[in-house]
Amino acid sequence: MKHQPKKTATFAWFHGIAALLLLAAASVFYYARYTEPNLLRLQNVSIGAASVTPDLDGFRIVQISDIHLGRFYSPDKLQSLVTRINGLKPDMIVFTGDLIDNFANDPVSGAIAPILSQMNAPLGKFAVYGNHDQGGGAKRPYARIMAYSGFKLLVNEHQTLSIGRSKLVVAGVDDFLLGSPDLTKTLSGIDRNAFVLLLAHEPDVADRLGKYPVDLQLSGHSHGGQVQLPGYGPLYTPPLARKYTEGLYTFHADSRRPLQLYVNRGIGTTRLPFRLDSVPECTIITLKQPASP
């Protein structure tokens, strides 16, 4: 009997620890389900390249990706996103794919074009296909939505913009998982003195660009893993987003024309409506002239 108080105290200690662990788990669950997916981080990135002339210095590109409209991302949320982007006053807007999460199950296309058409960028709005834009019967509706919204959908092609006396090339390759990508067709006939921007939904495509004159590749697809664990990283990233999952990467930096890749974490969610340590992102890319030696 004299040992009972000690047993009672031990039981109370374990009970308290269990309660704290349950509370922590519930807090993480609530944050990952209801808080982080509704956040938006404005990520500023400066890109320097030899092809950035005085005419292009300070040029601002806003990149959005992986909206995944549907059950967990509504047209009302899209409207708020458009308002936020217009407030940034970009020179150009690019969308790197995956507009609707599952078109076959959730064909919300009718409400989308009037909202997307409100996005303003004086030097153009450009888009490419993502894998979700190709699957589930979405291929043709996606093309119509982007056309009605004022986006130029680039499918294995490029467009050259004249800015002052300089050139900026915007190229877009078809989706690598479900489309018919052709990098040679996409990038042939490009002025090699121009700044060349490639839109490619899947980031790991960067490993295939060694022989092409690309200064910057913009991609999405990875969602930054969508759920990351401390000390472990992303629980899962999809095919062709296994090597490059988020942020800025530089390739063959010692060459005359290094390639830079930026991987956007995306706006929405897919499969499950959770985000943890992978805050939704809108990227503001500013082109900068290299410093004089």
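Look a little higher up for the structure.
Please read all numbers here as calculations on a predicted model, not as lab measurements.

So, how was this worked out
- Residues numbered from 1 in each chain as written.
- Predicted model: local features only at pLDDT ≥ 70, side-chain atom pairs only at ≥ 80, totals over all residues.
- Heavy atoms only, no water.
- Core = buried A, V, L, I, M, F, W, Y, C linked by side-chain atoms within 4.5 Å.
- Buried < 20%, exposed > 50% of the residue type's maximum accessible area, 1.4 Å probe, protein only.
- Helix = DSSP H or I, 4+ residues; strand = E, 2+ residues; numbered from the N terminus.
- Contact = heavy atoms within 4.5 Å.
- Polar contact = N/O pair within 3.5 Å; in protein donor to acceptor, adjacent residues only side chain to side chain.

Caption draft 1: Up close: the nonpolar core. I67, L78, F95, L99, L116 and M146 are the most contacted members of the largest nonpolar core, which totals 32 residues. Of all elements in the fold, only β2 (60–64), α2 (75–86), β3 (92–95), α3 (113–116), α5 (139–148) and β14 (281–288) reach the threshold of two or more residues within this core. Residue contributions to this core peak at 4 residues, all from α2. The contacts of M146, once residues within four sequence positions are left out, are F95, L99, L116, A127 and F151. The next biggest cluster of nonpolar side chains, apart from the first, holds 24 residues, and it includes M92, L154, L168 and L197.

Caption draft 2: Representation of the environment of D57. Considering the arrangement of structural elements, one finds D57 in the loop between β1 (41–48) and β2. By relative accessible area, D57 is classed as partly exposed at 37%. Between the alpha carbons of D57 and Q289 there is a distance of 5.6 Å; along the sequence they are 232 residues apart. Excluding residues that lie within four positions of it along the chain, D57 makes contacts with V52, L287, K288 and Q289. In this structure the side chain of D57 is engaged in a polar contact, spanning 2.8 Å, whose partner is the backbone nitrogen of Q289.

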